[in-house]
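Spelled out from the first residue to the last, the chains are:
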Amino acid sequence: MALALRCFRHLPPLLSCSSFALRRGLPQAPAACSALLLDGCRQSVHQMLLTRQLATKKAKGKGQSQAKVNISAALVEDIINLEETNEDMQAVVEALKEDFSRNLSVRTSPGVLDHIIVVTKDGKFPLNQLGQISQKSPQLIIVNMTNFPESTAAATKAIRESGMNLNPEVDGTLIRVPIPKVTREHRESLAKLAKQSTNKSKEALRKVRSKSVNQVKKFKSKVSEDTIWLLEKQIQQMADSAAAEMDKLLAAKTKELLG
């Protein structure tokens, strides 16, 4: 009993610097502790450190802000890869950023047609792989389909259905694409498309979050309820951060489009 008390006397100072312990690992126990008792001490400290992070949730009243959860990935790597989850969420944000850059611009350049996907009998291809795209004037882009003349009709259809308010005209293997004057209505239409794209990206983000939460719930019978709650909370915080970044992108794009 005396030996046990000597070991557990070291718990209060460990708990008082719990954030340090989580980052650096647990300090060495006194040499007098047996291996079995030492293992018990460490398990108790680990569980208590995790449990202490719930204090904000349980202590704060309704309407008050909660402290940010930040679990060391190394402590839960057998349950879920938090870094991979964060990367998946950031990939959704980057895809939205790329979509804004490619599809929702009032500036005219040959590159605005590059991404358009053309469906042919041999598969799907970006327009710039089938035709040579050049800009003859600020109001006219030419797509030369000489290398793949059989895909001219499919390319014309893809341009017309791209959602960019374009009405291409065919002249043999040349596709002339008049660029309409940027009107207020067109700008507002692009702003609506930006909102729709953001909503779709947020739906993709929710799928990533749900997949991660379901992965965590598989371990309900193997780890404590506190650990499950902490992981779910951190995954939600990661999703909220990504969603906030999307909102900032949308606000900036809307401002750019509407002036």
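So, how was this worked out
Residues numbered from 1 in each chain as written. Predicted model: local features only at pLDDT ≥ 70, side-chain atom pairs only at ≥ 80, totals over all residues. Heavy atoms only, no water. UniProt positions renumbered as here; feature names shortened; annotations may be inferred. Pairing = 2+ DSSP bridges. Helix = DSSP H or I, 4+ residues; strand = E, 2+ residues; numbered from the N terminus. Axes fitted to C-alpha atoms, helices over the stretch in contact; angles between N-to-C directions. Contact = heavy atoms within 4.5 Å. Salt bridge = Lys/Arg side-chain N within 4 Å of Asp/Glu carboxyl O. Buried < 20%, exposed > 50% of the residue type's maximum accessible area, 1.4 Å probe, protein only. 1 Å grid on protein atoms, 1.4 Å probe; cavity = no way out; pocket = protein on both sides within 12 Å on 5 of 7 lines; lining within 4 Å. Points joined across faces, edges and corners; volume = space filled by probe spheres on them. Nonpolar A, V, L, I, M, F, W, Y, C, P; charged D, E, K, R; others polar. Domains from an automatic or database assignment. Patch = residues over 30% accessible without salt bridge, like charges linked within 9 Å, V, L, I, M, F, W, Y side chains within 5 Å. Areas by Shrake-Rupley, 256 points an atom, 1.4 Å probe, with all protein chains shown as cover. Lys, Arg positive; Asp, Glu negative; His and termini not counted. Charge placed at Lys NZ, Arg CZ, Asp CG, Glu CD. Core = buried A, V, L, I, M, F, W, Y, C linked by side-chain atoms within 4.5 Å. Parallel < 35°, antiparallel > 145°, perpendicular 65-115°, else oblique. Left-handed = near helix turned anticlockwise from the far one by under 90°.

The name that an unreviewed UniProt entry assigns to the chain is Ribosome-recycling factor, mitochondrial, with the source organism given as Glareola pratincola. Entered under Sequence similarities (unreviewed entry) in the UniProt record, the comment concerning the chain runs "Belongs to the RRF family." One UniProt comment on the chain, placed under Subcellular location (unreviewed entry), says "Mitochondrion".

Draft legend 1. Representation of the sheet that holds strand β5 (residues 169-171). Read across the open sheet, the four strands follow the order β3-β4-β6-β5; overall the sheet is antiparallel. Looking along the sheet, the strands with just one partner apiece sit at the ends: β3 (132-137) and β5. Going across the sheet, the axis of each strand differs from the next one's by a mean of 25°, ignoring polarity. Bridge count between β3 and strand β4 (residues 140-144): five bridges; the pairing is antiparallel. Looking at the pairing, glutamine 135 lines up with isoleucine 141 of β4. Contacts from helix α8 (residues 152-160) reach β4, β5 and β6 (174-178) within the one sheet, and its direction differs from that of β6 by about 10°.

Draft legend 2. Summary view of the pattern of salt bridges. Tallied over the full model, the rule gives six salt bridges. Note that arginine 206 is salt-bridged to glutamate 203, the shortest N-O span being 2.9 Å. You can see arginine 206 and its partner glutamate 203 sitting in helix α9 (residues 184-217), three residues apart, about one turn around the helix. Taking the relative accessible area as the measure of exposure, arginine 206 reaches 41% and is therefore partly exposed.

Draft legend 3. Geometry of the layout of surface pockets. Its volume calculated, the largest pocket comes out at about 450 Å³. Asn103, His115, Glu161, Ser162 and Gly163 are the residues nearest the centre of the largest pocket, which is lined by 18 residues in total. Residue contributions to the lining of the largest pocket peak at four residues, all from α9. Each residue belonging to the lining of the largest pocket can be placed in one class, and the counts come to eight nonpolar, six polar and four charged. Both domain 1 (73-104 + 183-258) and domain 2 (110-178) contribute no fewer than three residues apiece to the lining of the largest pocket.

Draft legend 4. Region of the structure containing a negative patch on the surface. Taken together, Glu83, Glu84, Glu87 and Asp88 make up a surface patch of like negative charges. Note that glutamate 83 resides in helix α6 (residues 82-103).

Draft legend 5. The arrangement of the pairing of strand β2 (residues 123-126) in detail. Across four bridges, the pairing between strand β1 (residues 117-120) and β2 is antiparallel. Considered in β2, the bridge of threonine 120 is made with glycine 123. Hairpin connection between β1 and β2: a loop of two residues separates the two successive antiparallel strands.

Draft legend 6. Inspection of the nonpolar core at higher detail. Within the largest apolar cluster, 33 residues are counted, with the highest numbers of intra-cluster contacts made by Ile80, Met89, Phe100, Val216, Leu231 and Ile235. Residue assignment for this core shows that the elements contributing at least two residues are α6, α9 and α10 (225-258). With 13 residues, α10 is the largest single contributor of residues to this core. Excluding residues within four positions of it along the chain, leucine 231 makes contact with Ile71, Val76, Ile79, Ile80, Leu82 and Val216. One finds Ile116, Ala155, Ala158 and Ile179 within the second-largest nonpolar core, a separate group that totals 18 residues.

Draft legend 7. Structural view of the packing of α6 against α10. Two elements in contact, α6 and α10, have axes separated by 10 Å at closest approach and are oriented at 15°. With respect to α10, the axis of α6 lies roughly parallel. Both α6 and α10 take part in a crossing whose hand is right-handed. Between α6 and α10, the contacting residues are Leu82, Thr85, Asn86, Met89, Gln90, Val92, Val93, Leu96, Lys97 and Phe100 on the first element and Leu231, Gln234, Ile235, Met238, Ala239, Ala242, Glu245, Met246, Leu249, Leu250 and Lys253 on the second. A class-by-class count of the residues in the contact of α6 with α10 yields 14 nonpolar, four polar and three charged.

Draft legend 8. Structural detail: the environment of leucine 190. Mapping leucine 190 onto the fold places it in helix α9. In this structure leucine 190 comes out as buried when scored by relative accessible area, which is 3%. Placed 67 residues apart in sequence, leucine 190 and leucine 257 show a C-alpha to C-alpha distance of 7.1 Å.

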